[in-house]
Amino acid sequence: MRKILIVGAGHAGLHLAHGLLTHGYDVTVITGQSSTEIRTGRPSVTQFTFPTALDYEREYELDLWSALSPQIRQQRIHLYPGADRSTLSLKGRTGKANDYMVAVDRRVKMADWLEFFEDRGGKVVIHGVTVTDLDYFSRMFDLIVVAVGHGELGQLFDYDESRFTGARPRSIAQAQIYDVWPSSEDDDNVGWACSAREAGNTIFIPMLSQDGPCHNLLMVDKRGGPMDAWPDRPGPEEQLRRMKDLLRQYSPEYYERVKDAQLVEGGRSTLIEDLTPQVRNPVGTLPSGGKVLGMADVVVTMDPYVGQSWNNSTRCAKAYLESIIEHGERQFDEDFLVRTFDRFWEFGLHNQMWSEMNSTMWDQGDLPAHFYELVETASTHTEVADRWIQGWDYPPDFASWLLDPEESMKYIAEVRARNGE
């Protein structure tokens, strides 16, 4: 039985660990936090689990919260182009038929997955890990997968500018809130996302917190921009007050819904952090010359506004699992490690392109002309709106229309022709 070590108890690492355990591998997860420490720790940026990712989780009985979590079946996007243009919006379905996406507090999801992994017979070691430790472990395991990228372990993976050169530092603020006013347009389980030309981006979605259903408010801006209002790291109540004030200035529909909101109690409910989207080389070299494989957020850091971190993690875990199984009893050499990441990167590349477009949306002062036509068409044609929203589940589809001006205009013409316009 092949022995595999996964360093880190995050979304990608635990998904892979469960898959490997199901297929008969001897799997050990080593993590610096116990499940109790994860549950009581600080929050992380809340992510979506899209319909396809939910299906992948169900293959290994990992969808534990759909009955409790708000089921987001539609998503509305607002664009605030500034005083010279009126606000634009579109709404589309998150998936086909009865598909939906959910947002679950990472602390809930990872703690449950870690305990479930141990209950199923997986080995869990609660201990910090150094590069020296990995060197020692390389003699004990057939393969080491690094699924935690902070500290000295992250330094094993250098930046790969050949894959992504558009790194832009982002400022992030998040709050989990109650007492949200209902929308006059949508029911309470419709997710909202907006981009404001004069400021930054906002995601406002129903989610499952440690204390039950609530809403998550996430604001993302370029560092030093109008929504980077947190250099003094204010306390939770002051942070929420500033977030409301920013929405009042730049996203008034959002402000009307949160103006009387209160922070979720019973745990830490706010987050402030900085992040720089980047891509790193997936293979790390240990002092002894041994190789380790980085995965998901360790080597691909996404702009949080596109909500793709868990989508990336799930697709990465699936690609790695398939590669490991297909490799059989052969040695996990560097060529295998590179090919395994490339298998994931076939999806991740398009995801990164979509992220890059959102990161740079207003960098030139305005959006390309075709983008306005797309939004206007999507606001009146359900088929375009649905394709746009469902592209969040599968961003490679965006390459064939949304990211290409000529293909966008061709698609708009086809839709209008089908509707006799």
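Figured I'd write up the structure that's included with this text. Predicted model only: the values in this text are computed from it and were never measured.

Comments concerning the overall build of the protein chain
- A count of helical and extended segments in the protein chain gives 13 helices and 18 strands.
- Relative to its length of 421 residues, the protein chain is compact, with a C-alpha radius of gyration of 22 Å against a globular reference of 22 Å.
- Principal axes of the C-alpha set define a box for the protein chain whose edges measure 65 × 50 × 40 Å.
- Here the protein chain, with 421 residues, has 58% of them falling under the buried criterion.
- Across the protein chain, the fraction of contacts at a sequence separation of at least 24, relative to all contacts at a separation of at least 6, is 76%.
- A total accessible area of about 17,100 Å² is found for the protein chain, and carbon and sulfur atoms account for 47% of it.

Concerning the pattern of salt bridges
- Tallying each qualifying case throughout the model produces 30 salt bridges.
- As a salt-bridge pair, Arg58 and Asp63 come within 3.0 Å of each other at their nearest N and O atoms.
- Within this structure, Arg76, Lys91, Glu185 and Asp186 form a network of salt bridges that share partners.

A look at the packing of aromatic side chains
- Scanning the entire structure with this criterion turns up 17 aromatic pairs.
- Taken together, the ring pairs connect Phe48, Phe50, Trp354, Phe371, Trp388, Trp392, Phe398, Trp401 and Tyr411 into an aromatic cluster.
- Above the plane of the ring of Tyr372 lies Arg85, whose end atom (NZ or CZ) is 3.6 Å from the centre.

Section: the state of the cysteines
- Enumeration according to the criterion identifies zero disulfides in this entry.
- You can see Cys214 has no disulfide; the closest cysteine sulfur is in Cys194, sitting 19 Å from it.
- Its relative accessible area of 6% is what places Cys214 among the buried residues.

Some thoughts on empty space enclosed by the protein
- Counted according to the given criterion, the structure contains four cavities of 30 Å³ or more.
- Taken as a whole, the largest cavity encloses approximately 70 Å³ of empty space.
- Ile77, Leu79, Ser195, Tyr305, Trp354, Asn358, Met361, Phe371, Trp388 and Trp392 are the residues that line the largest cavity.
- Where the lining of the largest cavity is concerned, the elements lending two or more residues are strand E4 (74–80) and helix H10 (334–359).
- In terms of residue class, the lining of the largest cavity is built from eight nonpolar, two polar and no charged.
- Approximately 50 Å³ is the volume attributed to the second largest cavity.
- Thr46, Gln47, Phe48, Ile203, Ile205, Asn216, Leu218, Pro304 and Gly307 are the residues that line the second largest cavity.
- Mapped by element, the contributors of at least two residues to the lining of the second largest cavity are strand E11 (201–209) and strand E12 (212–222).

Criteria and cut-off values
- The residue count restarts for each chain, going from 1 along the sequence in the order it is written.
- Only residues with pLDDT of at least 70 get local features here, since the model is predicted, and only at 80 or more are side-chain atom pairs given and counted; chain-wide, interface and lining totals rely on the full set of residues.
- Side-chain numbers come from the whole structure's heavy atoms, not from hydrogens or water.
- Only DSSP runs of H or I covering at least 4 residues are called helices, and only runs of E covering at least 2 are called strands; the numbering of each starts at the N terminus.
- The reference for a compact globule is 2.2 Å times residues^0.38; the radius of gyration itself is calculated from the C-alpha atoms.
- Exposure classes here rest on a 1.4 Å probe applied to the protein chains alone. A residue is buried below 20% of its type maximum, exposed above 50%, and partly exposed in between.
- Residue contacts are defined here by distance: any two heavy atoms, one from each residue, within 4.5 Å place the two residues in contact.
- Exposure was quantified through the Shrake-Rupley algorithm and a 1.4 Å probe, taking into account, for residues, occlusion by the shown protein chains and nothing else.
- Salt bridge criterion: a side-chain nitrogen from Lys or Arg within 4 Å of a carboxyl oxygen from Asp or Glu.
- Between 30 and 60 degrees the pair is tilted, below 30 it is stacked and above 60 it is edge-to-face, where a pair is any two Phe, Tyr or Trp rings, Trp via its six-membered ring, whose centres lie within 6.5 Å.
- Geometrically, a charge over a ring is one whose NZ (Lys) or CZ (Arg) sits within 6 Å of the ring centre while staying within 35 degrees of the ring normal.
- Cysteine sulfur atoms are paired as a disulfide whenever they fall within 2.5 Å.
- Throughout, the protein atoms alone are placed on a 1 Å grid, and a set of points is a cavity if a 1.4 Å probe fits but cannot get out or a pocket if it is open with protein on both sides within 12 Å along at least five of seven lines; lining residues have an atom within 4 Å of a point.
- Grid points are joined across faces, edges and corners, and a volume is the space filled by probe spheres set on the points.
- Under the convention adopted here, Pro, Cys and the residues Ala, Val, Leu, Ile, Met, Phe, Trp and Tyr are nonpolar, Asp, Glu, Lys and Arg are charged, and Gly plus all remaining residues are polar.

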